[in-house]
Amino acid sequence: MTIQKVMVIGAGQMGSGIAQVCAQAGFDVKLNDIKQEFFERGLGVMTKNLSRDVEKGRKTEEEKQAILGRITMSLDLRDAADVDIVIEAAVENMEIKQSIFKQLDAIAPKHAILATNTSSLPITEIAAVTERPEQVIGMHFMNPVPVMKLVEIIRGLATADEVYQKVEEMTRKLDKTPVEVNDFPGFVSNRILLPMINEAIYALYEGVASKEAIDDVMKMGMNHPMGPLTLADFIGLDTCLSIMEILHEGLGDSKYRPCPLLRKYVAAGWLGKKSGRGFYIYE
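Rules and cut-offs
Residues numbered from 1 in each chain as written. Predicted model: local features only at pLDDT ≥ 70, side-chain atom pairs only at ≥ 80, totals over all residues. Heavy atoms only, no water. Pairing = 2+ DSSP bridges. Helix = DSSP H or I, 4+ residues; strand = E, 2+ residues; numbered from the N terminus. Axes fitted to C-alpha atoms, helices over the stretch in contact; angles between N-to-C directions. Contact = heavy atoms within 4.5 Å. Salt bridge = Lys/Arg side-chain N within 4 Å of Asp/Glu carboxyl O. Buried < 20%, exposed > 50% of the residue type's maximum accessible area, 1.4 Å probe, protein only. Domains from an automatic or database assignment. Buried area = accessible area lost by both parts, 1.4 Å probe. Phe/Tyr/Trp six-rings, centres within 6.5 Å; stacked < 30°, edge-to-face > 60°. Lys NZ or Arg CZ within 6 Å of the ring centre and 35° of its normal. UniProt positions renumbered as here; feature names shortened; annotations may be inferred.

Draft legend 1. View of the sheet that holds strand 6 (residues 136-141). With mixed pairing, the eight strands of this open sheet are ordered in space as 3-2-1-4-5-6-7-8. In this open sheet, the two strands that pair with only one neighbour each are strand 3 (71-74) and strand 8 (177-182). Taking each pair of neighbouring strands and ignoring which way they run, the sheet shows an average axis angle of 25 degrees. The pairing of strand 4 (residues 85-88) with strand 5 (residues 113-116) spans four bridges and is parallel. Residue pairing across strands places E88 opposite T116, the latter belonging to strand 5. Set on the sheet, helix 1 (residues 13-24) makes contact with strand 1 (5-9), strand 2 (28-32), strand 3, strand 4 and strand 6; between it and strand 2 the angle comes to about 170 degrees. On top of the sheet, helix 2 (residues 36-55) reaches strand 2 and strand 3; it is set at about 160 degrees to strand 3, its chief contact.

This is the structure we're talking about:
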């Protein structure tokens, strides 16, 4: 089986980025969401990214138009009936993902691979609602997708070797670097990153230093491009809390307990850059 037709579910920041890199690599892409306005917003982000590439001489206007021409709108999961792979990038909620995968299992062709871009939820649990758990796999792209090279490829308990090989091969075609990871809460990236962010929030909560000082120490002392509290604001504090809860519940260790200050900010609606306020205030 050769992968040529791709469906990406979710036209948000991650989904539109995944759709863009797939179209750039020559795949035919159906970008699915529940409303046309969400698709159009995602298409707008892709157009802006590609226009920037044209301005900087990385692509021609013809290449930009060809890439956008390979992306079509889908407002119905039944459009998965003729694709070779589905990459789901919907909201990070197990119930929603299982509902999507159950529907896809009934719609997608028997040969189709069902992949999820989850950043922390168990692949095995998502696969369990399907009749094809051996064809379910994790493809965790990093944000922003068009820029970041890494894709964590996560095998579920039943994922077949040939499915892993196909997904690894596709990842390389996307000009990304695949890294094989086993199915544990948070995988590698978020199991290491989020406790560091959570510890930075504890340092602020306990009055060890100001938010600016904590970020400066990590930027100038550890050579991080962005301080952990700024990074948390960019990720979204609600997403940070959700991942910490998954780590805490899945691994059962108190070291993964979300900081009370993180809970308080999320309860207040201070979710970071997307809401205009998190640890910092954004205009």
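Draft legend 2. Spotlight on the pattern of salt bridges. Inspection of the entire model under this criterion finds 17 salt bridges. Here K5 ties to D82 by a salt bridge, and the two come within 3.5 Å at their closest N and O atoms. Residue K5 is found in strand 1, and its partner D82 is found in the loop between strand 3 and strand 4; the two are separated by 77 residues along the sequence. Classification of K5 as partly exposed rests on a relative accessible area of 34%. Residues D76 and R78 are paired through a salt bridge, measuring 2.9 Å at the closest nitrogen-oxygen approach. On the basis of relative accessibility, which here comes to 60%, the residue R78 falls in the exposed class. Among the charged side chains, a salt-bridge network with shared partners connects K5, K30 and D82.

Draft legend 3. Spotlight on the environment of D76. The topology assignment puts D76 in the loop between strand 3 and strand 4. In this structure D76 comes out as partly exposed when scored by relative accessible area, which is 28%. Taking the C-alpha atoms as reference, D76 lies 24 Å from E125; in sequence the two are 49 residues apart. Apart from the residues within four sequence positions on either side, D76 is in contact with M7 and N32.

Draft legend 4. Broad picture of the domain arrangement of the protein. Domain boundaries in the protein define domain 1 (5-182) and domain 2 (190-274). For domain 1 versus domain 2, the distance between C-alpha centres works out to 27 Å. If you look at the interface, domain 1 gives five residues, while domain 2 gives four residues. Across the domain 1/domain 2 interface, buried area totals approximately 370 Å², and carbon plus sulfur atoms make up 53% of it.

Draft legend 5. Representation of the packing of aromatic side chains in the model. Per the stated rule, a full pass over the model turns up four aromatic pairs. Between F234 and Y282 the ring centres are 6.4 Å apart and the planes differ by 90 degrees, which places this aromatic pair in the edge-to-face class. Taken together, the residues span a long stretch of sequence, with F234 in helix 9 (residues 228-235) and Y282 in the segment after helix 11 (260-267) at a distance of 48 residues. Assessed through its relative accessible area of 41%, F234 is described here as partly exposed. Ring geometry for Y265 against W270: centres 5.1 Å apart, planes inclined by 75 degrees, an arrangement best described as edge-to-face. For Y265, a relative accessible area of 16% gives the class buried. Put simply, the rings of Y265, W270 and F279 touch in pairs and so form one group of aromatic residues. Directly above the aromatic system of Y280 lies the positively charged group of K211, at a separation of 5.6 Å from the ring centroid.

Draft legend 6. Local environment of the UniProt feature "domain: 3-hydroxyacyl-CoA dehydrogenase NAD binding" (unreviewed entry) in the protein. The positions that UniProt labels "domain: 3-hydroxyacyl-CoA dehydrogenase NAD binding" (unreviewed entry) are, in the present scheme, residues 5-183. A distance of 26 Å separates the end C-alpha atoms of residues 5-183, which is 41% helix and 22% strand.

Draft legend 7. The UniProt feature "binding site: NAD(+)" (unreviewed entry) in the protein, seen in detail. UniProt's entry tags G10, A11, G12, Q13, M14, G15, D33, E92, K97, S119, N143 and K274 with the feature "binding site: NAD(+)" (unreviewed entry), counted in the numbering of this structure. These annotated residues cover 265 residues of sequence, and their C-alpha atoms reach 22.8 Å apart at the extreme, placing them across more than a single site. Given the relative accessible area of 1%, G15 is considered buried. Look past the residues within four positions of G15 in its chain and what remains in contact with it is V8, G10, L31 and A89. Position of K97 among the secondary structure elements: in helix 4 (residues 94-107). In contact with K97, other than residues within four places in its own chain, are E88, A90, V91, E92, T116, T118, L121 and I126.

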